Amino acid sequence: YLVLLEPIAKFLIVPDTHKPSESIVVLGGGLGVQRVIHAVKLYEKGIAPIIILTGQEMEFDGRKIRFKDIKLTEPRLAGMLVKMYGVPEDILFFEERSQNTYEDAKYVKEDLLKMGIHSAIIVSDPFHMQRVSMIFKKVFKDTPLSLTFSPANDSGFLLDGWWSPGEIKYILSEYAKIAYYIIRY
């Protein structure tokens, strides 16, 4: 059982291929704290001069989180965290239209082309990177944009206890989403 699960889980992880780029794109996904911290570390190393944060409006118990008429989005919350690490606000860009990973790729492509950016490092969790890589490569295939991928390796995935029911749920969920994306897009 465990002998089979390890290669199945490891397939989801894409090796870190990042190189100096013009931007870092952090995909939304809940709070995504480890993704944001990973992007900040890349920025602090001088790997890229801007950070683009993606995601959707935040929900709690199925209801949108709003303060008066202001909606709270994953990118805005991630931006607050990034600024707490000392990253200047003027290098942050927010992509708040996407509702899923495919839309992340679609809207980020639009944004990068409008901004005249030619390269990006895509950051997400390790278990999410195979699907991210597949989607982004497909969406960006007919563009001059160069993409590399950098999983937030400190997310805890595949460390001690990766075979727990919670981690297995993530693994199986990713395979189901990969199948869905192959059929749908």
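What comes next is a walk through the structure. Note that this is a predicted model, so its numbers are computed, not measured.

A word on the environment of threonine 148
In step 1: In this structure, threonine 148 sits in strand β9 (residues 146-151).
In step 2: On the accessibility criterion, threonine 148 (6% relative accessible area) is buried.
In step 3: In the structure, threonine 148 is positioned 130 residues away from histidine 18 in sequence and 5.0 Å away in space, judged by C-alpha atoms.
In step 4: Look past the residues within four positions of threonine 148 in its chain and what remains in contact with it is Thr17, His18, Lys19, Ser21, Ala120, Ile121 and Ile122.

A few points about the side chain of glutamine 130
In step 1: Here glutamine 130 shows up in helix α5 (residues 129-140).
In step 2: With a relative accessible area of 15%, glutamine 130 lands in the buried category.
In step 3: One polar contact links the side chain of glutamine 130 to the main-chain carbonyl oxygen of phenylalanine 11, over a distance of 2.6 Å.
In step 4: The contacts of glutamine 130, once residues within four sequence positions are left out, are Phe11, Leu12, Val14 and Ile178.

Considerations on helix α4 (residues 101-115)
In step 1: Across its 15 residues, α4 extends 21 Å between first and last C-alpha, which sits within 8% of the 21 Å expected from 1.5 Å per residue.
In step 2: Along α4, the residues classified as buried are Thr101, Glu103, Asp104, Ala105, Tyr107, Val108, Asp111 and Leu112.
In step 3: The opening residue of α4 is asparagine 100, an N-cap whose side-chain oxygen sits 3.1 Å from the backbone nitrogen of tyrosine 102.

Comments concerning the sheet that holds strand β1 (residues 24-26)
In step 1: One open sheet accounts for 5 strands, arranged β7-β2-β1-β8-β9; its pairing is parallel. Edge positions in the open sheet fall to β7 (92-95) and β9, since each of these has one partner strand only. Between one strand axis and the next, the sheet turns by 25° as a mean value, whatever way the strands run.

Reading guide: rules and limits
- Residues numbered from 1 in each chain as written.
- Predicted model: local features only at pLDDT ≥ 70, side-chain atom pairs only at ≥ 80, totals over all residues.
- Heavy atoms only, no water.
- Helix = DSSP H or I, 4+ residues; strand = E, 2+ residues; numbered from the N terminus.
- Buried < 20%, exposed > 50% of the residue type's maximum accessible area, 1.4 Å probe, protein only.
- Contact = heavy atoms within 4.5 Å.
- Polar contact = N/O pair within 3.5 Å; in protein donor to acceptor, adjacent residues only side chain to side chain.
- Expected span 1.5 Å × (residues − 1).
- Pairing = 2+ DSSP bridges.
- Axes fitted to C-alpha atoms, helices over the stretch in contact; angles between N-to-C directions.

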